[in-house]
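These are the residues of each chain, in order.
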Amino acid sequence: MHYFDYRDGELFVEDVSLNRLAAEVGVPAYVYSARTLRRHFTVFDQAFAGTDHLVCFAVKALSNLSVLRLFAAMGSGFDIVSRGELMRCLRAGADPRKIVFSGVGKTADEITAALKAGILMFNVESGPELYQIAEIARGLKMRAPVSLRVNPDLDPGTHPHISTGHRTSKFGVPLSQLAAYYTRARDLKELELVGLSTHIGSQITEPGPFREAGQKLAEAVRAILAQGVQLKYLDLGGGVGVPYQDESVELGDYAAAILGPLRGLNLTFIAEPGRVIAGNAGVLVTRVLYVKETDVKRFIVIDGAMNDLIRPALYDAYHAIWPVTKRPDAALALADVVGPVCESGDFFARDRMLPLPRPADLLAVMGAGAYGFVMSSNYNSRTRPPEVLVDGSHWHIVRERETFDDLIRGEKLVELKPNGQ
Ligand code: LLP
């Protein structure tokens with residue numbers, strides 16, 4: 001469900017015409033719908049109504065300050081994985097007591113900053129990390145709230161690059177070693193063991209893997225409670241998929257799959273959704289440069305590229321591509337939609353049937369709200385696009401288009417002699 005719709009053949013974001021917007025801000029541009037973000041957050045939150053819970057938006061999915069500010073105002077917590085994400089949350093006005101810190105490689109600086117900020121908990125991924133946090137907390141004369149991230153060893157049935165719950169992945173501690181970990185954590189008086197957590201993967205479109213993860217964690221929680229340790233939180237991470245193409249995702253089924261095994265445990269449930277909130281709330285608007293025909297192929301060359309949206313190149317991900325203005329006379333044609341970057345991996349769609357656009361037409365790459373701008377780069381010395389947040393009939397540029405000066409900021413022009421010293 002999202003608020004990108006046609007009015008008289010013209011694509012609108014809420015009440016704003018994408019044609020008008022593109023004329024003012026230029027393309028390529030990321031455009032987000034605040035109404036969609038709000039709706040997704042609310043629907044997700046309400047799926048757990050009746051259960052003590054906290055939704056911590058996964059900042060990595062879409063980290064623009066204004067978006068974080070919107071979620072903070074709606075009472076959201078945040079899942080962070082770096083100091084940069086921590087700073088973003090604090091700058092956006094987030095409540096630090098609703099921040100969970102995930103990731104296998106937290107540095108001493110990051111741990112210190114998070115402790116000083118007073119976050120809700122660290123999701124700890126290894127023994128050495130546990131000791132590191134304890135040592136830093138001791139130095140600061142603080143106690144660190146920690147939760148152990150468990151690797152439940154299951155197959156979430158998603159792309160290998162975004163699958164994290166199998167025992168061969170770098171994430172979490174094995175269930176078999178959990179008892180040893182919580183004994184260690186309990187013995188370190190600078191640590192307060194407050195929960196268990198996991199994250200099994202991303203773009204999961206079946207409730208089964210969540211049920212399995214919930215069952216395994218619930219069992220582990222019971223074993224810990226039996227040792228007299230009082231836990232407060234059970235964090236099942238993110239991972240709920242979105243319909244990029246024809247996948248169907250039922251939030252109710254997901255909530256039921258998760259909550260079933262947790263019933264009776266008397267813990268606060270934490271979720272870390274990213275994609276399911278932001279994915280379909282954003283598009284990348286681009287312009288057709290050329291339509292190129294060869295003997296065997298037709299290419300629609302657009303001004304957006306893999307540096308703007310890398311998901312197709314990286315995961316062979318599917319993104320729907322919609323014309324911003326429908327041409328009643330456009331024939332359906334088979335084409336590759338590609339960008340200007342000098343790599344064959346620079347494509348948005350391959351062998352896709354779509355209404356054949358003409359040069360200068362605008363196209364909207366759909367489902368680009370999550371893992372879109374945040375994964376963009378300056379490859380090929382391309383400036384990154386602006387981010388625009390639409391709210392009803394208003395829109396705001398929430399990140400300016402980069403300039404050449406942004407591109408070379410921090411670079412030094414050192415003069416070396418052509419023939420060496
Ligand atoms: N929590 C943790 C600890 C995570 O590692 C992630 C995502 C999430 C929550 C949020 O997962 P979500 O609800 O968005 O599935 N770049 C990839 C996705 C990488 C996901 C990494 N971790 C993509 O474009 O598909």
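Residues numbered from 1 in each chain as written. Predicted model: local features only at pLDDT ≥ 70, side-chain atom pairs only at ≥ 80, totals over all residues. Heavy atoms only, no water.

Participant: Explain the pairing of strand β14 (residues 282–293) residue by residue, including any values.
Facilitator: Taken together, the four bridges between strand β4 (residues 29–33) and β14 define a ladder with antiparallel strand orientation. The residue bridging A29 from the neighbouring strand is V285, located in β14. Direction of pairing for β14 relative to strand β19 (residues 362–365): antiparallel, over a ladder of four bridges. Residue pairing in the sheet places R287 in a bridge with L362 of β19. (Pairing = 2+ DSSP bridges. Helix = DSSP H or I, 4+ residues; strand = E, 2+ residues; numbered from the N terminus.)

Participant: Summarise the packing of helix α8 (residues 208–226) against helix α9 (residues 251–262); cite the residues concerned and give the values.
Facilitator: The interhelical angle for the contact between α8 and α9, taken along N-to-C directions, is 20°, at an axis separation of 8 Å. Comparing the axis directions of α8 and α9 gives the class roughly parallel. Crossing handedness for the pair α8 and α9: right-handed. Residues F210, R211, G214, Q215, A218 and R222 of α8 form the contact with α9, whose own contacting residues are Y254, A257, I258, P261 and L262. (Axes fitted to C-alpha atoms, helices over the stretch in contact; angles between N-to-C directions. Parallel < 35°, antiparallel > 145°, perpendicular 65-115°, else oblique. Left-handed = near helix turned anticlockwise from the far one by under 90°. Contact = heavy atoms within 4.5 Å.)

Participant: Just give me the short version of the pattern of salt bridges, but keep the residues and values in it.
Facilitator: Counting across every chain of the model gives 22 salt bridges. The partner of D336 in a salt bridge is K297, and the shortest N-O contact between them spans 3.1 Å. Of this pair, D336 sits in strand β17 (residues 332–338) while K297 sits in the loop between β14 and β15 (298–302), and the two are 39 residues apart along the sequence. One network of salt bridges, with partners in common, ties together R7, E14, D15 and R35. (Salt bridge = Lys/Arg side-chain N within 4 Å of Asp/Glu carboxyl O.)

Participant: Could you give me a rundown of the nonpolar core, with the residues and numbers involved?
Facilitator: Grouped together as the largest cluster of nonpolar side chains are 99 residues, with contacts concentrated most on F44, F122 and L196. Top element by residues in this core is α8. It accounts for seven residues. Taken domain by domain, this core gets at least three of its residues from each of domain 1 (4–31 + 279–408) and domain 2 (34–275). Sequence-distant contacts of F44, that is, excluding residues within four places in its chain, are made with V55, V240, L251, Y254, A271, P273, V276 and I277. (Core = buried A, V, L, I, M, F, W, Y, C linked by side-chain atoms within 4.5 Å. Buried < 20%, exposed > 50% of the residue type's maximum accessible area, 1.4 Å probe, protein only. Domains from an automatic or database assignment.)

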